[in-house]
Amino acid sequence: MERIEKVVRQARAAFNSGRSRSLEFRMQQLKALERMVKEKEKEILAALHADLHKSGPTVYNTEILSVLGELTLAMEKLPSWAAPQHLKKNLLTMRDEVFVNFEPLGVVLIIGAWNYPFVLVMHPLIGAIAAGNAVVVKPSEVSENTAQLVADLLPQYLDQELYPVVTGGAPETTELLTQRFDHILYTGNTAVGKIVMAAAAKHLTPVTLELGGKNPCYIDKDCDLAVTCRRITWGKYTNCGQICIAPDYILCDPSIQSQVVENIKATLLEFYGEDVKSSPDYERIVNKRHFKRVVGLLEGQKIAHGGESDEASCFIAPTILMDVSPDSKVMEEEIFGPVLPIVTVKSIEEAIEFINRREKPLALYVFSNNKKLIRRVISETSSGGMTANDVLMHTVVPDLPFGGVGHSGMGAYHGRCSFETFSHRRTCLIRDLRLDVLNKMRYPPVSQERMDVAKFVLLKHCSDCRVGQFLSALLGAVKAVMAKIFSP
Amino acid sequence: MERIEKVVRQARAAFNSGRSRSLEFRIQQLKALERMVKEKEKEILAALHADLHKGGPNAYSHEILGVLAELALTMEKLPSWAAPQPVKKNLMTMRDEAYINFEPLGVVLIIGAWNYPFVLVMHPLIGAIAAGNAVVVKPSEVSENTAQLVADLLPQYLDQELYPVVTGGVPETTELLTQRFDHILYTGNTAVGKIVMAAAAKHLTPVTLELGGKSPCYIDKDCDLAVACRRITWGKYMNCGQTCIAPDYILCDPSIQSQVVENIKATLLEFYGEDVKSSPDYERIVNKRHFKRVVGLLEGQKIAHGGESDEASCFIAPTILTDVSPDSKVMEEEIFGPVLPIVTVKSVEEAIEFINRREKPLALYVFSNNKKLIKRVISETSSGGVTGNDVIMHFFLSTLPFGGVGHSGMGAYHGKHSFETFSHRRACLIKDLKMEGTNKMRYPPVSQKKVDWTKFILLKRFNRGRIGLALLALLGVVAAVMMK
């Protein structure tokens, strides 16, 4: 525990030295990270396989390739992201320099999650380094192999004092959260999110919370069911359902329910073959605790497909549940497993009402050929983000922010959004000391006459914005000159 | 207390009805607010005078004009702010619609402060309405006349269920904070800021905290001292020093300290005359508690000017302290009164070090003819905002975010930033169900061949940018066809 306090103190001292601030330094560290990912690809893939039975090919795309993409983007764009944003000048600020400066916050804490243990630590780390901060990295202990690898690798490639890794479980995380940071980004569940925010409140530390929820997936009668179900199957069962943006449950009309089941079954066969357990592309539940939790959700449910499980290997077969009751356990909290409940609704109104009666989810999905219906769902619901006619994909569009709302989270990151999340936007106005006569209007003593003129001029300004601004500046100058000439 | 729970529940039901969402409705409410400010100008000025001894003209320019300007800006820009923001598409999303949708959060809580009691409730309210939310308004009870007026006026002009006002003190605020909101904007001090954020954590409510701090004001030897001191005097003593972005204390070289004092004294004479107490432009401390607090800070200090006070009228004369020790009480917390300590430093390095040893302030001021020095101070310190060669003025840039950092706050507002603070930026991607062939690369079974293709294509992309993307798309399609 003393070690944690020491590590944070060192990171702060390192930040205060100023060395993390120059663009050159930041780029150098990002390049080093890039080298690390390329050179240690085998080790990273092995750790991910050990933690989640993730097979090489799939995990390469989701964890390694996306990190390399984020690094490339950050290195390419950093000079433009970090440049002061000069604002359009108007007549009142004509002689001034007005800009927003993007500045490092200081020491940032990143708490990773276990389901995508590498990328969920790396993406925020890239943004935090790009923004010029020191970063304390706390990977999830549940994915222990990846956590240990991150703890071994980062010091080999990055500045050791600026970017320390802290490993451990709840006690270590609790201790970390007593320390003072300048921003905390936490990825995980809602319950712990509240704990993180409460701890942050003691130091007035701003937080970005990437939480979860039950992501609804509405299938309209008017859509290509085969394609729809293939896409949903892909998003649902990747990583054995352990994705924060996985479609959690399906809402559809009773008349298409069995077709949906048939289509998903057919796709599962295409994807994993007859014997899912022996497919190298099908992952496992991360540990026994989650295994038991997910299997428990099947109790009393109508299993249309799957349901088999094997505790020894934490295997749960891709499972579909039909005619699920909205009040059942599987509809209470985020499933985070390969179990797909179908709840029937008789209309789009009922679907929207169903969604709105629950906490705002991290993602929302709608499948329909009818663009109007899609827009209606968007405008009458809320969620972190959404994709229509596919799943997951809104999170790979570089310029779209990735984040939740309500219980699914606050704040956002990815790409430029990461950079801005880990920066302070400081408003700067630089004037000069000349022409103070123009300021005479604002100094006491304030006469009623002066106020009447100001009122007249500036109210006109309010109605006529730009013309009014010009007028106000002009009249202000005239009045000031007149006041000077006529004052005793 | 039951009333508070009921009020919030009604606001939520009103929000859920959907009526606050249409642009027409929002603009209609903003127009009504504008009418209110214009029609009730006398009443608003009277309340401000009763609460803070603010003269009509001062109150008008500080509180009313700013609100009218914010309303005008918001009504003009709302359609463009609220429009979905398409994002740059790449070859992979070429056929899709990708955009950011700005959506209301739900029920927002605004807790005002007592020093600018009208504008600090109105500015956030304008942004929250513009973003389509329901808003519960809790004006500060310390400025009780303005609080009561706001409670009387808003229901006369605005939708009563969507925008209720809750008045009261600590018990009522505590009760309010147990309720669930979708965003809380609090203006006030650091200690209560922590309480607000802790309460918000229970519901995972995002917060914008506009707090305070000791805003330093560095005066370089190389500057026009008369002008610098006039501007500083204006910003320091307006509202009797009770401004969150007032220059709290001065840092300057010992060799110019007495000149600084003389210039400020001369300006004070210009501004308020010989008998400050009878100037209609000089305000009062808001109440006895703060009066005693500020007077207490003078103990043991070298008073270069002022120091007179009168408890009965909460009057404290504009005061300057010289050779102040960094460890004295007056240098511990935000003064929020008409007392201006001068701490001497021998160089800009010492000034920067002094500033950095303390909590990040809400504002920072530097006076110098040397632009390089100003930029150096900016780059080696941190603060919510900065004005060089003036004070306060960055607050009035309606296009720029106004907010703190560290203990001076989190989040920002004003103008478009208010709108964004009170909105959820929802990432939206609309695809169609065609061209399923191009997705084949992502589906299991994942062969090594598929991976090698992807790796080759995507890694080549990273080095070659756009050409690589085109290659990717082409090769992706080719590969998909071949796989099939």
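Values in this document were obtained by computation on a predicted structure and should not be read as measured data.

Considerations on helix 6 (residues 144–157) of chain A
For an α-helix, the turn length of 3.6 residues means that residues three or four places apart are oriented alike. Residue and element names in this part refer to chain A. In this model helix 6 runs 20 Å from its N-terminal to its C-terminal C-alpha over 14 residues, within 8% of the 20 Å that 1.5 Å per residue would give. Every buried residue belonging to helix 6 is among Thr146, Ala147, Leu149, Val150, Ala151, Leu153, Leu154 and Tyr157, and all of these are buried. Where the residues of helix 6 are buried, they touch helix 2 (23–39), helix 3 (41–52), helix 5 (119–130) and strand 4 (134–138).

Concerning the sheet that holds strand 3 (residues 107–111) of chain B
Backbone hydrogen bonds are what pair the strands of a sheet, in a parallel or an antiparallel way. Residue and element names in this part refer to chain B. Across the sheet, five strands lie side by side as 4-3-5-6-16; this open sheet has mixed pairing. Across the chains shown, the open sheet's two edge strands, defined by having one partner strand only, are strand 4 (134–138) and strand 16 (409–410). Against the sheet, helix 5 (residues 119–130) makes contact with strand 3, strand 4 and strand 5 (183–187), and its axis sits at roughly 165° relative to strand 3, the strand it touches most. Helix 7 (residues 170–178) contacts strand 3, strand 4 and strand 5 of the sheet and is inclined by roughly 155° relative to strand 3.

Observations concerning the confidence of the model for chain B
Low-pLDDT stretches of the model should not have their predicted coordinates read in fine detail. Residues and elements named next belong to chain B. Model confidence for chain B is summarised by a mean pLDDT of 93, while 93% of its residues fall at 70 or above. Confidence drops under a pLDDT of 50 for residues 461–465, and excluding neighbours within four residues, the segment shows eight contacts in the predicted structure. The ipTM, which scores confidence in the relative placement of chains, is 0.94 for this predicted complex, and the corresponding pTM is 0.94.

Some remarks on the sheet that holds strand 14 (residues 363–367) of chain A
The strand order across the open sheet formed by ten strands is 9(A)-12(A)-13(A)-8(A)-7(A)-14(A)-15(A)-17(B)-2(B)-1(B), and the pairing between neighbours is mixed. Of all the strands in the sheet, the pair left with one neighbour each is strand 9 (302–305) of chain A together with strand 1 (85–86) of chain B. Alignment of strand 8 (residues 249–252) of chain A against strand 13 (residues 339–344) of chain A, held across three bridges, turns out to be parallel. When the bridges of strand 13 of chain A are listed, Leu251(A) appears paired with Val343(A).

Remarks on empty space enclosed by the protein
Across all of its chains, the model carries seven cavities of 30 Å³ or more by this definition. In this structure, the largest cavity spans a volume of roughly 70 Å³. Lining the largest cavity we find Leu105(A), Arg180(A), Phe181(A), Asp182(A), His203(A), Leu204(A), Thr205(A), Pro206(A), Lys360(B), Val405(B) and Gly406(B). Split by residue class, the lining of the largest cavity holds five nonpolar, three polar and three charged.

Some words on the interface of chain B and chain A
Between chain B and chain A, the residue contacts involve 106 residues of the former and 106 residues of the latter. Counting the surface lost from both chain B and chain A, the interface buries some 8,800 Å², and carbon and sulfur atoms represent 60% of this. It is Leu204(B), Arg426(B) and Leu433(B) in chain B that bury the most area against chain A; as a group they hold 10% of the surface buried on that side. The tally of links between chain B and chain A comes to 15 salt bridges. The shortest N-O distance in the salt bridge between Glu97(B) and Arg375(A) comes to 2.8 Å. Between chain B and chain A we count 47 residue pairs in polar contact (both at pLDDT 80 or more) in total.

What counts, and at which threshold
- Residue indices follow the written sequence of each chain, beginning from 1 at its first position.
- Here the convention is simple: chains get letters from A, ligands get numbers from 1, in the order in which they are written.
- In view of the model being predicted, local features appear only for residues whose pLDDT reaches at least 70, and side-chain atom pairs are presented and counted only at 80 or more, with totals across whole chains, interfaces and linings using the full set of residues.
- Hydrogens and water molecules were not included; the side-chain quantities draw on all heavy atoms of the structure.
- The helix count covers DSSP runs of H or I at least four residues long, the strand count covers runs of E at least two residues long, and both are numbered beginning at the N terminus.
- Here, expected helix span is obtained from the residue count minus one, scaled by 1.5 Å.
- Burial classes follow relative accessibility: with a 1.4 Å probe on protein chains only, a residue under 20% of its type's maximum area counts as buried, one over 50% as exposed, and anything between as partly exposed.
- In this description, contact between two residues means that some pair of their heavy atoms is separated by no more than 4.5 Å.
- In this analysis, strands are considered paired if DSSP registers two or more bridges between them.
- Between N-to-C directions, angles cover 0 to 180 degrees, with each direction set by a line fitted to C-alpha atoms, over the stretch in contact for helices.
- By definition, pLDDT measures how confident the predictor is in each residue, and it falls between 0 and 100.
- Cavities and pockets were defined on a 1 Å grid built from protein atoms only: a cavity is a group of points that admits a 1.4 Å probe but offers it no way out, a pocket is an open group of points flanked by protein on both sides within 12 Å along at least five of seven lines, and a lining residue is one with an atom within 4 Å of any such point.
- Grid points are joined across faces, edges and corners, and a volume is the space filled by probe spheres set on the points.
- When residue character is reported, Ala, Val, Leu, Ile, Met, Phe, Trp, Tyr, Cys and Pro are called nonpolar, Asp, Glu, Lys and Arg charged, and the others, Gly included, polar.
- By buried area we mean how much accessible surface two parts lose on assembly, using a 1.4 Å probe and totalling the loss over both.
- Each salt bridge in this description consists of a side-chain nitrogen of Lys or Arg and a carboxyl oxygen of Asp or Glu lying within 4 Å of one another.
- In the analysis that follows, any N or O atom pair within 3.5 Å is treated as a polar contact, provided that within protein one partner can donate a hydrogen and the other can accept it, and provided that, for residues neighboring in sequence, both atoms belong to side chains.

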